[in-house]
Structures are given as C-alpha cells and as structure tokens.
Amino acid sequence: MKCVACVDLQGSKPLSLRSEPLTRGVEFSLQTVADYFAVGSYCRAIPYSPELPPGASIDHMLAIPQEPSRHSKKINFFLFSDNEDMQ
C-alpha cells in the first residue's frame with residue numbers, strides 16, 4: 001500500500017494535511033479534536049465513511065474530525081496497511 005500522508009499524532013503543533021508537497025492543505029489542532037477520534041469499527045458509525053479497498057481491514061482505519069464536535073462534517077479518514085503501520 002502506498003503511503004499518501006505521514007501524520008504525527010503526538011505533536012503539539014497543528015496537523016497539516018496536504019495531498020501534494022507545497023500545496024495549500026487543511027490545518028487543525030489535534031488537541032482540540034482528540035476526544036472525537038474514531039478507530040476501527042467505530043469509523044463505520046460515521047456517516048459517509050469510505051468503502052474499503054479489497055484486502056483492507058476496518059481495524060486499520062482512523063477517523064479524525066477537523067472540528068471538536070461529534071457532528072463535524074469535515075472528517076479525515078486514514079487507512080493503514082497493518083497494526084505496525086498504525087503505531
């Protein structure tokens with residue numbers, strides 16, 4: 001599986017997501033949304049969660065909202081290749 005984004009979830013700086021280097025991306029603070037992360041099968045409860053590609057496991061999905069709300073409409077989904085990749 002190709003790495004599309006590398007994310008540091010331990011930093012205190014805002015998270016910046018970009019699809020291409022040097023492009024304008026999305027930026028938000030993980031500290032403000034940490035209580036609203038969804039991991040694994042909890043991602044299925046989120047409306048419009050993406051379909052998984054063949055061979056992928058819901059256990060390796062992470063959802064992070066951009067706003068500190070259970071009803072955030074802006075949610076970033078990350079799919080990891082395995083448990084080690086999630087660490």
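Small disclaimer: the values here were computed from a predicted structure and weren't measured.

Visitor: Would you explain the overall build of the protein in this entry?
Guide: Counting secondary structure elements, the protein contains two helices and five strands. In the protein, the succession of helices and strands from N to C terminus is β-β-α-β-β-β-α. Taken across its 87 residues, the protein has 24% of its residues classed as buried. A separation of at least 24 residues holds for 38% of the contacts in the protein among residues at least 6 apart in sequence. Accessible surface, the protein: about 6800 Å² in total, of which carbon and sulfur atoms supply 50%.

Visitor: Is there a simple way to think about the environment of lysine 73 in this case?
Guide: Its location among the elements puts lysine 73 in the loop between strand 4 (61-65) and strand 5 (75-79). Since its relative accessible area comes to 79%, lysine 73 is described here as exposed.

Visitor: Honestly, the sheet that holds strand 5 in this entry has me stumped. Any pointers?
Guide: If you walk across this open sheet you meet the three strands as 3-4-5, and the pairing is antiparallel. Lying at the two open borders of the sheet, with one neighbouring strand each, are strand 3 (38-39) and strand 5. By the bridge criterion, two bridges tie strand 3 to strand 4 in an arrangement that is antiparallel. Directly across from alanine 38, in strand 4, lies its bridge partner alanine 63.

What counts as what
- Residues numbered from 1 in each chain as written.
- Predicted model: local features only at pLDDT ≥ 70, side-chain atom pairs only at ≥ 80, totals over all residues.
- Heavy atoms only, no water.
- Helix = DSSP H or I, 4+ residues; strand = E, 2+ residues; numbered from the N terminus.
- Buried < 20%, exposed > 50% of the residue type's maximum accessible area, 1.4 Å probe, protein only.
- Contact = heavy atoms within 4.5 Å.
- Areas by Shrake-Rupley, 256 points an atom, 1.4 Å probe, with all protein chains shown as cover.
- Pairing = 2+ DSSP bridges.

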